[in-house]
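# Descriptive analysis of the structure
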Amino acid sequence: MFDEADPILGRVRTLALAFPGAAEKVSHGRPAFFTTKVFAYYGGSVKVDGVYRQHEQSVMVLVDPEERAALLTEERCFVPAYLGASGWVGVDLTDDTGWDEVGELLDASYRLTAGARRIARLDARRP
């Protein structure tokens, strides 16, 4: 369900694995980034008229409800199948993506899913 040589996946992987204790596994056929809980998936889908529409080059993250509502006003964002009901949002990625924003979204999702010790380690290495 994904191309290991995908350069956009490579950029997401670099950002996600930089978080303290982060690792990668394949879950449901897609790269998933986690500590004790998953904080991001690469790729997703939405169900349209009973058919799943793939968003192969996207990142799915868990963000606070206000940020999620703001993101969903943008055409590049979507409510992913299965995880959308739990507050997750998908963001389509391209070569022109603002990677600082992707890093911020990953950071927000990490903070909602990682334990206090990992968050303290993350904060300790920030200026």
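Look up a bit, the structure's there.
Keep in mind that what you see is a predicted model, and the values were worked out from it rather than measured.

### A closer look at the side chain of Ser27
Tracing the backbone through its elements, the reader meets Ser27 in strand β1 (residues 23–27). When residues no more than four places from it in sequence are discounted, the contact partners of Ser27 are Ala32 and Tyr41.

### A short note on the layout of surface pockets
Which parts of space are left empty comes out when a probe the size of a water molecule is rolled across the atoms. Here the largest pocket defines a volume of roughly 270 Å³. Lining the largest pocket are 14 residues, and of these His28, Arg30, Met60, Ala81 and Tyr82 lie nearest its centre. The set of elements that each furnish at least two residues to the lining of the largest pocket consists of β3 (38–48) and β4 (51–62). Per element, the largest residue contribution to the lining of the largest pocket is four residues, and it comes from β3. Looking at the lining of the largest pocket residue by residue, the classes come out as seven nonpolar, six polar and one charged.

### A closer look at the pairing of β4
Judged from the eight bridges that link them, β3 and β4 form a sheet pairing that is antiparallel. The residue bridging Val48 from the neighbouring strand is Val51, located in β4. A loop of two residues connects β3 with β4, the two strands running antiparallel in sequence, and Asp49 in this loop sits at a positive phi of about 50°. Here five bridges tie β4 to strand β6 (residues 88–92), and the two strands are oriented antiparallel to one another. Residue Met60 lies in a different strand from β6, and its bridge partner there is Gly90.

How each quantity is defined
Every chain is numbered independently, its residues counted from 1 as its sequence is written. Confidence filtering applies because this is a predicted model: local features only for residues at pLDDT of at least 70, side-chain atom pairs given and counted only at 80 or more, and all residues used for totals across whole chains, interfaces and linings. For side-chain calculations, the full set of non-hydrogen atoms in the structure is used, while hydrogens and water are omitted. Runs of H or I in DSSP of at least four residues are treated as helices and runs of E of at least two as strands, each being numbered from the N terminus. Here, two residues are considered to be in contact whenever any of their heavy atoms come within 4.5 Å of each other. A 1.4 Å probe that fits into a set of points on a 1 Å grid over the protein atoms alone but cannot get out defines a cavity; an open set with protein on both sides within 12 Å along at least five of seven lines defines a pocket, and lining residues are those with an atom within 4 Å of a point. Grid points are joined across faces, edges and corners, and a volume is the space filled by probe spheres set on the points. Residues are grouped as follows: nonpolar covers Ala, Val, Leu, Ile, Met, Phe, Trp, Tyr, Cys and Pro; charged covers Asp, Glu, Lys and Arg; every other residue, Gly included, is treated as polar. Whether two strands pair depends on DSSP finding at least two bridges between them.

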